[in-house]
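An overview of the molecular structure
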Amino acid sequence: MENQGSKRGKTMFSFFKPHKQTSTNKGHSSSNVDVSNRSEQPFFKSQRVEIDVNTLERYPGLQIPVWKHPINQQHEIRKAYIKMGPYQPKLVEYPMTESGRQYRRFQYTWFDQFPWLEYSPSKDAMFCFPCFIFENKVPRHLTFTT
């Protein structure tokens, strides 16, 4: 084990010494950069866009795709939908749909098996919640989002 006692007495300033600024007769630094207002004006400041959750369409299949919203609002809209979570209404009875010779209906227990699933009562259809949230302009599978 090496002797670490010789390093204990040093401070950060012994390794990193500040440069001394030379000033001109006008009182400006030699770098010709005005740093007097630097703390008042940040380099980049993004404006936070507040989204009213009550104005967003709640029913899957009727929602405007996130990518169709203005680009500066898309992140906040995604966050608002994620905060609301998938739309999973518990109905007394889901409508029957004829499929060939069989009748089928949505089962509420599917929400337990597939927590990402959404159901639209107005369209009597299921949708993929993450597919809606992260859909691009050219979706891979329209079936899951429209």
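What counts, and at which threshold
- Residues numbered from 1 in each chain as written.
- Predicted model: local features only at pLDDT ≥ 70, side-chain atom pairs only at ≥ 80, totals over all residues.
- Heavy atoms only, no water.
- Buried < 20%, exposed > 50% of the residue type's maximum accessible area, 1.4 Å probe, protein only.
- Helix = DSSP H or I, 4+ residues; strand = E, 2+ residues; numbered from the N terminus.
- Pairing = 2+ DSSP bridges.
- pLDDT = per-residue confidence, 0-100.
- Arc of directions from axis to C-beta.
- Contact = heavy atoms within 4.5 Å.

**Regarding the pairing of strand β3 (residues 117–120)**
Of the two faces of β3, the one carrying Leu117 and Tyr119 and the one carrying Glu118 and Ser120 are both buried. Bridge count between β3 and strand β4 (residues 125–128): 4 bridges; the pairing is antiparallel. The partner of Ser120 across the bridge, within β4, is Ala125. Turn length for the β3-β4 hairpin, with the two strands adjacent in sequence and antiparallel, is 4 residues, and the turn residue Asp124 shows positive phi of about 45 degrees.

**A few points about the confidence of the model for the protein**
Close reading of the predicted structure is inappropriate where its pLDDT is low. Per-residue pLDDT for the protein has a mean of 75; in total, 58% of the residues score no lower than 70. Within the protein, the lowest mean pLDDT, 64, falls on helix α1 (residues 12–15), and the highest, 94, falls on helix α3 (residues 110–113).

**Focus: helix α2 (residues 74–84)**
The set of residues buried in α2 consists of Gln74, Glu76, Ile77, Ala80 and Tyr81. The arc that holds every buried residue of α2, seen down its axis, measures 165 degrees, which confines them to one face. Those residues of α2 that are exposed and angled more than 90 degrees off the buried face are His75 and Lys83. Lining the buried residues of α2 we find α4 (129–133). Phi for Gly85, located one or two positions after α2, is positive at around 80 degrees.

**Some details on unusual backbone geometry**
In this model, Asp124 sits at a positive phi of 45 degrees, which is unusual for a non-glycine residue. Its location among the elements puts Asp124 in the loop between β3 and β4. Asp124 gets classed as partly exposed once you look at its relative accessible area, which sits at 26%.

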